[in-house]
Amino acid sequence: MKFFIDTANLDEIREAYDLGVLDGVTTNPSLMAKEGISGDERVKAHYKAICDIVDDNVSAEVIATDFEGMIREGKELAKIDDKIVVKIPMIKDGVKAIKKFHSEGIRTNCTLIFGPGQALVAAKAGATYVSPFVGRLDDISYDGLELIDQIVQIYQNYGYATQVLAASIRHTMHLIKCAEIGADVATCPLKVITGLLKHPLTDSGLATFLADHAKAAGK
Ligand code: G3P
C-alpha cells in the first residue's frame, strides 16, 4: 500500500518523508490556500518545492473546469516536474481531459469521487488514480469505506490499471480498513501516518525493557 500525505505544508511533508515510508503528496486548492499560497507563479514554485522533497507522485489540481482550460493548466503543471500528477475533478470535461492526458502519457488523479459509477468512468478514461473521499461521505451518513470496497471490486472484475487512492482519511482506522479492503493508496494528514505507530503496550513494554536493563547493569 502506498502512503501519500494530504497537505501542502512543507514541514509536514519533510517530516513524513524523513520517516521513510512516504510515497507521494496530494494537494488541493483548499490545502494550498491554507498555506497562503496563491498566484500562478507562487503556486508553481510551491509545487516545485514539494517535488524537491519527495521521490514521486505529487498531485497538483487544475482550477479550470472547461476542457481547454484543464488541458492548458494541466500541461503547465506537468511541465514543473516529472513527479507531477495532474488532478482533475470528476466532471464531464474532466473525463475528456483525463482521456486526452492518458493518450499523451501524462498521469492524472481524478478527484471528488463519491460514487462507484464515477470511478468506473474515470478508469475507462484512463485515470492513473481515482480519489474517493471517505470522510466526507461518512460526514453525511453514507459509508465511505463501502465505496472503497465497491471500487476495488469493480476494478478487480475488469482488471483496470487505475489505482484506488482513498482520500479524506480522517483517522487511523479509516486507513487500516482501506488496507484490509485493498485500496492501492491512502492519502492522509501526518497525524494519521504517525498515529499508526502508537500502541500503549509498546510504550510500557519498552519502559520495562529499559528498566530491567538498567537494573541488571546495577544502575
Ligand atoms: O484529498 C482530499 C482531502 O483533502 C479531503 O479531505 O478531510 O477535507 O475531507 P477532507
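Residues numbered from 1 in each chain as written. Predicted model: local features only at pLDDT ≥ 70, side-chain atom pairs only at ≥ 80, totals over all residues. Heavy atoms only, no water.

Draft legend 1. Local environment of the environment of Glu-12. Note on placement: Glu-12 falls in helix α1 (residues 10–19). In this structure, the C-alpha to C-alpha distance between Glu-12 and Lys-191, residues 179 residues apart in sequence, is 9.5 Å. Excluding residues that lie within four positions of it along the chain, Glu-12 makes contacts with Ile-5, Thr-7 and Leu-190. (Helix = DSSP H or I, 4+ residues; strand = E, 2+ residues; numbered from the N terminus. Contact = heavy atoms within 4.5 Å.)

Draft legend 2. Structural detail: the state of the cysteines. Evaluation of the coordinates by the stated rule reveals zero disulfides. Not part of a disulfide, Cys-110 finds its nearest cysteine sulfur in Cys-178, a span of 17 Å. Cys-178 provides the cysteine sulfur closest to Cys-188, a residue in no disulfide bond, and the two sulfurs are 9.3 Å apart. (Disulfide = S-S within 2.5 Å.)

Draft legend 3. Geometry of the pattern of salt bridges. Applying the stated rule across the entire model yields 14 salt bridges. Close ionic contact of Asp-212 with Lys-215 constitutes a salt bridge, the shortest N to O distance being 3.9 Å. Of this pair, Asp-212 and Lys-215 both sit in helix α11 (residues 200–216), three residues apart, which is roughly one turn of the helix. Overall, the relative accessible area of 38% leaves Asp-212 in the partly exposed class. (Salt bridge = Lys/Arg side-chain N within 4 Å of Asp/Glu carboxyl O. Buried < 20%, exposed > 50% of the residue type's maximum accessible area, 1.4 Å probe, protein only.)

Draft legend 4. Looking closely at the UniProt feature "active site" (unreviewed entry) in the chain. UniProt records the feature "active site" (unreviewed entry) for Lys-87 in the present numbering. In this structure, Lys-87 sits in strand β4 (residues 84–89). Those residues in contact with Lys-87, other than ones at most four positions away along the chain, are Thr-26, Thr-27, Asn-28, Ser-59, Ala-60, Glu-61, Val-62, Asn-109 and Thr-111. A polar contact of 2.8 Å, which involves the side chain of Lys-87, links it to the backbone oxygen of Thr-27. (UniProt positions renumbered as here; feature names shortened; annotations may be inferred. Polar contact = N/O pair within 3.5 Å; in protein donor to acceptor, adjacent residues only side chain to side chain.)

Draft legend 5. Seen up close, the pairing of strand β7 (residues 163–166). Bridge analysis of strand β6 (residues 129–132) against β7 gives two bridges, and the strand direction is parallel. Within β7, the residue paired with Tyr-129 across the bridge is Gln-163. Where β7 and strand β8 (residues 185–188) come together, two bridges link them in parallel fashion. Residue Ala-166 lies in a different strand from β8, and its bridge partner there is Ala-186. Taking the sense of rotation as the criterion, the β-α-β connection linking β7, helix α9 (residues 172–181) and β8 turns out right-handed. (Pairing = 2+ DSSP bridges. Right-handed = clockwise from strand over helix to strand, strands pointing away.)

Draft legend 6. Spatial organisation of the site of the ligand. Around the ligand lies a shell formed by Asp-6, Asn-28, Phe-133, Arg-136, Ala-167, Ser-168 and Arg-170. With respect to the ligand, the side chain of Asp-6 contributes an N or O atom lying 2.6 Å from an oxygen atom. Taking 300 Å² as the accessible area of the ligand by itself, protein coverage stands at 81%. Looking at the shell around the ligand residue by residue, the classes come out as two nonpolar, two polar and three charged. (Near = heavy atom within 4 Å. Areas by Shrake-Rupley, 256 points an atom, 1.4 Å probe, with all protein chains shown as cover. Nonpolar A, V, L, I, M, F, W, Y, C, P; charged D, E, K, R; others polar.)

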